[in-house]
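Chain by chain, the residues:
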Amino acid sequence: MKHLGTQTLETSRLILRKFTLDDAPAMHANWASDPEVTKFLTWPVHPNADVSRMVLESWVKAYDDPKDYQWAIELKEIGQPIGSIGVVGQNEQTEMLHIGYCIGQSWWHKGIMTEALQAVMNFLFDEVGANRLESRHDPRNPHSGAVMKKCGMKYEGTMRSADWNNQGLCDACCYAILKSDR
């Protein structure tokens, strides 16, 4: 793979871009403080914008690494981030990148995450040269799997008690798409 780091991507409704420290208040208000958003994630709600800022400090520093991919999902009509999407795991030998994402509850069921995931997938296949993109979700969060399906990922199975999130030990429904599947 030819790692390029987080590059700005644009869709009809979204700008996918690097986070800045100035995004901390929007991150906190729009998704990181909502227990419904973090319910099936591995990190707890942020009690205040200072915690969001600390997270963003580490993400901003990581942008120096060309293998780092962490996008703010900015909705053009409001000009602020409403969620995040990024590569949360990699395997160079198999040219695999694992994608994770979350979005504020106010923007659920509007096709926004599908639009963001598709843009990221196109970039990772076409520019970075990934062979396999994968993701997974807790079976109690089927809407996340629906996003994966809409983007052409295929269900590969459920690994029992193979993951952990804020609900505790959980199964993991696994999805993937190969470059040759497109």
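One can find the structure itself at the top, above this paragraph.
Residues numbered from 1 in each chain as written. Predicted model: local features only at pLDDT ≥ 70, side-chain atom pairs only at ≥ 80, totals over all residues. Heavy atoms only, no water.

S.K.: I tried to follow the nonpolar core on my own but got confused; where do I start?
M.R.: If you look at soluble globular proteins, the nonpolar side chains tend to sit buried side by side. Counting residues in each nonpolar core, the largest one holds 35 residues, and the members touching the most others are Leu16, Trp71, Ile73, Ile85, Ile99, Leu124 and Leu133. Going through the elements one at a time, β2 (14-17), β3 (70-75), β4 (80-91), β5 (96-103), α4 (112-128), α5 (142-150) and β8 (168-178) are the ones with two or more residues in this core. Considering each element in turn, this core owes the most residues, 11 residues, to α4. In terms of nonpolar packing, the next biggest core, distinct from the first, is built from 11 residues, Met27, Ala32, Ala72 and Cys102 among them. (Core = buried A, V, L, I, M, F, W, Y, C linked by side-chain atoms within 4.5 Å. Buried < 20%, exposed > 50% of the residue type's maximum accessible area, 1.4 Å probe, protein only. Helix = DSSP H or I, 4+ residues; strand = E, 2+ residues; numbered from the N terminus.)

S.K.: Sorry, what's going on with the side chain of Asn30 here?
M.R.: Mapped onto the elements, Asn30 comes out in helix α1 (residues 24-32). Here Pro81 takes part through its backbone oxygen, which lies 2.7 Å from a polar atom of the side chain of Asn30. (Polar contact = N/O pair within 3.5 Å; in protein donor to acceptor, adjacent residues only side chain to side chain.)

S.K.: I would appreciate a short explanation of α1 in the present structure.
M.R.: The periodicity of an α-helix, 3.6 residues per turn, causes residues three or four places apart in sequence to face the same way. Counting buried positions along α1 gives 7 out of 9 residues, so the element sits mostly inside the fold. Of the positions making up α1, those classed as buried are Ala24, Ala26, Met27, His28, Asn30, Trp31 and Ala32. For α1, the secondary structure elements touched by its buried residues are α2 (35-38), α3 (49-62), β4 and β5. (Contact = heavy atoms within 4.5 Å.)

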